[in-house]
Protein chains: 2
Amino acid sequence: MDFNVTILGSNSAAPAHGRNQTSQLVNWGKHTFLVDCGESTQFQLRKFKIKYSKIDHIFISHLHGDHYLGLMGLISTYHLNNRKSPLYIYGPMGLDEIITIQLKYSGIALKYPLIFNPTQQTGKNQLLDLTGLNIYSFPLKHRIPCTGFSFEEKSNRVKLKKEMVLKYKPGIEAIRTLLREQDVKNMKGEIIFKKEDFCQVKSPRKYAYCSDTIFDREIVNHIARADLLYHESTFMESERERASITWHSTTTDAATIGKIAQVKQLLLGHYSVRYFDLSPLLEEAKKTFAPAMLSEEGKTYVIH
Amino acid sequence: MDFNVTILGSNSAAPAHGRNQTSQLVNWGKHTFLVDCGESTQFQLRKFKIKYSKIDHIFISHLHGDHYLGLMGLISTYHLNNRKSPLYIYGPMGLDEIITIQLKYSGIALKYPLIFNPTQQTGKNQLLDLTGLNIYSFPLKHRIPCTGFSFEEKSNRVKLKKEMVLKYKPGIEAIRTLLREQDVKNMKGEIIFKKEDFCQVKSPRKYAYCSDTIFDREIVNHIARADLLYHESTFMESERERASITWHSTTTDAATIGKIAQVKQLLLGHYSVRYFDLSPLLEEAKKTFAPAMLSEEGKTYVIH
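Residues numbered from 1 in each chain as written. Chains lettered and ligands numbered in written order. Predicted model: local features only at pLDDT ≥ 70, side-chain atom pairs only at ≥ 80, totals over all residues. Heavy atoms only, no water.

**Observations regarding the environment of T22 of chain A**
All names here are of chain A.
Right, on to step 1. Take T22: it is sitting in the loop between β1 (3-9) and β2 (23-28).
Right, on to step 2. In this structure, the C-alpha to C-alpha distance between T22 and Q121, residues 99 residues apart in sequence, is 21 Å.
Right, on to step 3. When sequence neighbours within four positions are dropped, the list of residues in contact with T22 reads G9, N11, D36, C37, G38, D66, H67, Y209 and H270.
Right, on to step 4. Engagement of the side chain of T22 in a polar contact is seen with the backbone oxygen of N11, the distance being 3.4 Å. (Helix = DSSP H or I, 4+ residues; strand = E, 2+ residues; numbered from the N terminus. Contact = heavy atoms within 4.5 Å. Polar contact = N/O pair within 3.5 Å; in protein donor to acceptor, adjacent residues only side chain to side chain.)

**Description of the packing of helix α10 (residues 251-260) of chain B against helix α11 (residues 279-288) of chain B**
Residues and elements named next belong to chain B.
Right, on to step 1. Relative to each other, α10 and α11 sit at 35°, their axes nearing to 8 Å. Taken as a pair, α10 and α11 cross one another with a handedness that is right-handed. Contacts between α10 and α11 involve T251, T252, A255, T256 and K259 on the former and, on the latter, L281, E284, A285 and T288.
Right, on to step 2. Across the contact of α10 with α11, the residue classes tally to 3 nonpolar, 4 polar and 2 charged. (Axes fitted to C-alpha atoms, helices over the stretch in contact; angles between N-to-C directions. Left-handed = near helix turned anticlockwise from the far one by under 90°. Nonpolar A, V, L, I, M, F, W, Y, C, P; charged D, E, K, R; others polar.)

**Points about the relation of the copies chain B and chain A**
Right, on to step 1. Between the two copies, chain B and chain A, the superposition gives an RMSD of 0.2 Å; the rotation angle is 180° and the shift along the axis is 0.1 Å. As the rotation angle and translation indicate, the two copies are arranged about a two-fold axis. For chain B, the smallest separation between a C-alpha atom and the rotation axis is recorded for S40 of chain B, amounting to 2.9 Å.
Right, on to step 2. Both copies present the same face, since 100% of the interface residues in chain B are matched by interface residues at the equivalent positions in chain A. (Least-squares fit on C-alpha atoms with pLDDT ≥ 70 in both.)

**Concerning the interface of chain B and chain A**
Right, on to step 1. The partner chain A presents 31 residues to the 31 residues of chain B that form the contact.
Right, on to step 2. Surface buried jointly by chain B and chain A totals about 2,600 Å² across both partners, of which 60% is contributed by carbon and sulfur atoms.
Right, on to step 3. Counting across the chain B and chain A interface gives 13 residue pairs in polar contact (both at pLDDT 80 or more).
Right, on to step 4. Of all the elements in the fold, those that place two or more residues in the side of chain B that touches chain A are α1 (41-47), α3 (71-80) and α4 (95-106) of chain B.
Right, on to step 5. No other element matches the 7 residues that α4 of chain B contributes to the side of chain B that touches chain A.
Right, on to step 6. Its residues placed into classes, the side of chain B that touches chain A shows 14 nonpolar, 13 polar and 4 charged. (Buried area = accessible area lost by both parts, 1.4 Å probe.)

**Overview of the packing of aromatic side chains**
Residue and element names in this part refer to chain A.
Right, on to step 1. Scanning all chains against the criterion turns up 24 aromatic pairs over all chains.
Right, on to step 2. The interplanar angle of 15° and the centroid separation of 5.1 Å between the aromatic rings of Y209 and Y230 together place this pair among those described as stacked. With a gap of 21 residues between them, Y209 in strand β14 (residues 206-210) and Y230 in strand β15 (residues 228-232) connect regions that are remote in the sequence. Across the pair, exposure class does not vary: Y209 and Y230 are buried alike.
Right, on to step 3. A connected cluster of aromatic rings, assembled from ring pairs, spans F33, F59, Y90, F149, F151, Y207, Y209 and Y230.
Right, on to step 4. The ring of Y78 is capped by R83, whose NZ or CZ atom sits 4.5 Å from the centre of that ring.
Right, on to step 5. Of note, R83 hangs over the ring of Y112, and the distance from its end group to the ring centre comes to 5.5 Å. (Phe/Tyr/Trp six-rings, centres within 6.5 Å; stacked < 30°, edge-to-face > 60°. Buried < 20%, exposed > 50% of the residue type's maximum accessible area, 1.4 Å probe, protein only. Lys NZ or Arg CZ within 6 Å of the ring centre and 35° of its normal.)

Here it is as structure tokens:
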């Protein structure tokens, strides 16, 4: 099952240096989720040749323009493209009002159902319960109501060892039993195929997304042991005061959170327009947490 | 005095073939006016290296997303850039509500005054009275309330013939008199410098903008004898039925209006996403009205 993140926009506040405002795709199996939707997201989807009709669920962290101003354009394009399938939007209260008022004045009665689900500002809340995947929101500390999102596989991933299957040729029933991580027994109750011999078991994967936030230890519970954490790193340490005033994080903040939460890999992003060259941000983060990476537009990060 | 139009976006409905949604700059002397503001307008302003802090007046024809969805991003970027000077916005009722609600939920108290002026849906109305230039709105016929805009110089443009000034060296007072298109007389009331000898007089120029509209003879009064007319031409004649259903014009509609209104030049635009190659649209328009041109993004069209 593929599980990865494609970055569409990596900048904060305003576009600069060819970088766009925040938006990314989380791909899990046949599902594609859009997470935040800054202005020009539909341009980026086109640029990277992404079939965006397959997006059914859009998650908006908060109502600062750089995280949602591309949404109305996308809603409108879906309408023009005769979309029929429902579009589910998850975001803070108020987003529904913003969408509704714009549809009203544009005189558009959407050709597809648009279902809005408000996110809560306290606790970890389940937004979506799919076969094999849960999606949650959890609160972030920013100037206005803001949540992060986590994408959590429900169960272990079991793969059969090919050479063992070819050698012992267990029947379909036996394979099903092994894939449930159970030993295969005969009528007498004797083990004939041991799960350990046949199965490669990997633990469920988790991706956590923290869009805009100050350094906040309280999020650690929600993102703990994620296989990949995206955590904003708007500023370098030299701009710590500015980060504090604007309720943003530094590269060291992001790296420290990644370290405390024991995540496997850290993806930096939401870069300030003041940075043309991003390599100093990466270097600074790596001093605290080596598995840090820069998020780059058009690039896909695999979640192992 | 420079008077020209720079195209930022030339497409309709959705971005396609590298073309953006409707937006253009009208430059008159030291003034730069933004006319419509589709999604990604701020990206286009950056791309074409336009100093957009000098825009003080923004004119929005109607509330279909492809004409205004870039506005909130621009308003927000001005705020982040510490703009202090007022920003005047002219557009249909409802636009103020759309802006206000988004500012409310984003928690932004703008650092500069934003002054909204609603456009009227009947008659020609003066929106702005500058020294030397009037700007008007006038109604267009579209699915929702929509206006065009005209930019009309107030008076003749008088230039002195350089060779005559060098030869006869009239004093400053005499030059001022000549620039007012008056003869210069001596104490006895005798003409010493004839205005015809010294002055080159050009009539006031006019630019008219018709964003989204069906073919409508009623607009001719408002755009008559414009030096440049921008008139939407979403479709070719082969899509006449589609044009009618969607309240848009064909290339022939635009060309016919230009011909009836006796404009000097016609600028086509608002192209349907179905057209990759635009030359057939130009050819079709030229059959009815030879001085037709395609609007192309990044290109500036001088108003003579």
